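Listed here are the chains, written in short residue letters.
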Amino acid sequence: MHGSNRLGGNSLSDLLVFGRRAGLYAAQYAMSGAGSTVVADDVEAAAAEALAPFGGPSGGAPENPYTLHQELQQTMNDLVGIIRREGEMAEALERIAALRERARRIAVEGHRQFNPGWHLALDLRNMLLVGECVARAALERTESRGGHTREDHPAMVREWRPVNLLCHAEGEGIGLERVRTEPIRADLLALFEQEELAKYLADAELEGELGR
């Protein structure tokens with residue numbers, strides 16, 4: 001919604017707009033019967049996976065979810081921070097892969113009622129997923145734009161402007177796909193000064209859209 005700018009003040013509008021859209025689509029999907037292929041075995045498998053940390057690892061030393069969380073946080077802070085560099089992000093991806101392997105051996109104590117350690121063990125799956133997506137996409141985008149700053153590629157490259165990087169599951173890791181965005185509508189372009197648009201749009205976009 002806000003491009004590459006990480007504007008905390010806009011988070012509320014994001015939640016309202018996209019939360020509503022997600023809820024409406026989820027309801028529509030459920031009512032269509034498209035999800036009817038989910039069977040009891042799938043539900044049982046998901047439950048068993050969620051409860052696995054209580055049983056401990058089948059092999060190797062058990063891992064503490066708080067330790068893994070701290071190491072992941074430190075990795076992203078040190079190697080995929082505000083100023084990004086190719087070598088550091090490549091190292092971050094190696095560390096994330098190692099953390100994902102260790103996460104298979106997470107063990108928690110206590111019971112299921114309000115167990116923060118268990119909650120963190122479940123959350124770590126998504127944290128590792130998002131961390132890899134961020135690092136892989138940032139490594140791929142060889143330019144600086146908005147909140148994404150590459151020390152080794154300090155300039156903004158116009159050819160990257162209409163390109164989004166789409167992450168998707170690929171085996172045990174993440175695959176990356178370049179997807180071209182739809183052209184900006186003329187009525188939206190009219191809201192901006194032409195000189196401001198010239199800073200960001202690719203030449204072909206600028207000539208085509210502003211010529212309408």
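Report on the accompanying structure. These figures come from a predicted structure and were not determined experimentally.

**A closer look at the pattern of salt bridges**
Thinking step 1. Evaluation of the coordinates by the stated rule reveals 15 salt bridges.
Thinking step 2. The shortest N-O distance in the salt bridge between E132 and R136 comes to 3.0 Å. Of the two residues, E132 and R136 both sit in helix 5 (residues 116-140), four residues apart, roughly one turn of that helix.
Thinking step 3. Accessibility expressed as a relative area gives 27% for R136, which makes it partly exposed.
Thinking step 4. Across the pair R145 and E143 runs a salt bridge whose closest N-O atoms are separated by 2.7 Å.
Thinking step 5. Judged by relative accessible area, which is 11%, R145 ranks as buried.
Thinking step 6. With a relative accessible area of 0%, E143 lands in the buried category.
Thinking step 7. The network of salt bridges with common partners includes E63, E71, R102 and R105.

**Notes on the side chain of R150**
Thinking step 1. Inspection of the secondary structure assignment puts R150 in strand 2 (residues 149-150).
Thinking step 2. A distance of 2.9 Å separates a polar side-chain atom of R150 from the backbone oxygen of A138.
Thinking step 3. Only 2.8 Å separates the side chain of R150 from the side chain of D152, close enough to count as a polar contact.
Thinking step 4. Each residue touching R150, except ones within four places of it in the same chain, is listed here: R84, E86, M89, A138, L139, R141, T142, E143 and S144.

**Considering the packing of aromatic side chains**
Thinking step 1. Counted under the stated rule, the structure contains two aromatic pairs.
Thinking step 2. With a centroid separation of 5.1 Å and an interplanar angle of 55°, the aromatic rings of F54 and W118 are classed as tilted. With a gap of 64 residues between them, F54 in helix 2 (residues 40-55) and W118 in helix 5 connect regions that are remote in the sequence.

**Details of the environment of H119**
Thinking step 1. Of note, H119 is situated in helix 5.
Thinking step 2. Residue H119 is classed as partly exposed on the basis of its relative accessible area of 32%.
Thinking step 3. Between the C-alpha atom of H119 and that of P65, which follows or precedes it by 54 residues, the distance is 9.3 Å.

Analysis parameters
- Residues numbered from 1 in each chain as written.
- Predicted model: local features only at pLDDT ≥ 70, side-chain atom pairs only at ≥ 80, totals over all residues.
- Heavy atoms only, no water.
- Salt bridge = Lys/Arg side-chain N within 4 Å of Asp/Glu carboxyl O.
- Helix = DSSP H or I, 4+ residues; strand = E, 2+ residues; numbered from the N terminus.
- Buried < 20%, exposed > 50% of the residue type's maximum accessible area, 1.4 Å probe, protein only.
- Polar contact = N/O pair within 3.5 Å; in protein donor to acceptor, adjacent residues only side chain to side chain.
- Contact = heavy atoms within 4.5 Å.
- Phe/Tyr/Trp six-rings, centres within 6.5 Å; stacked < 30°, edge-to-face > 60°.

So yeah, pure geometry; function would need other evidence.
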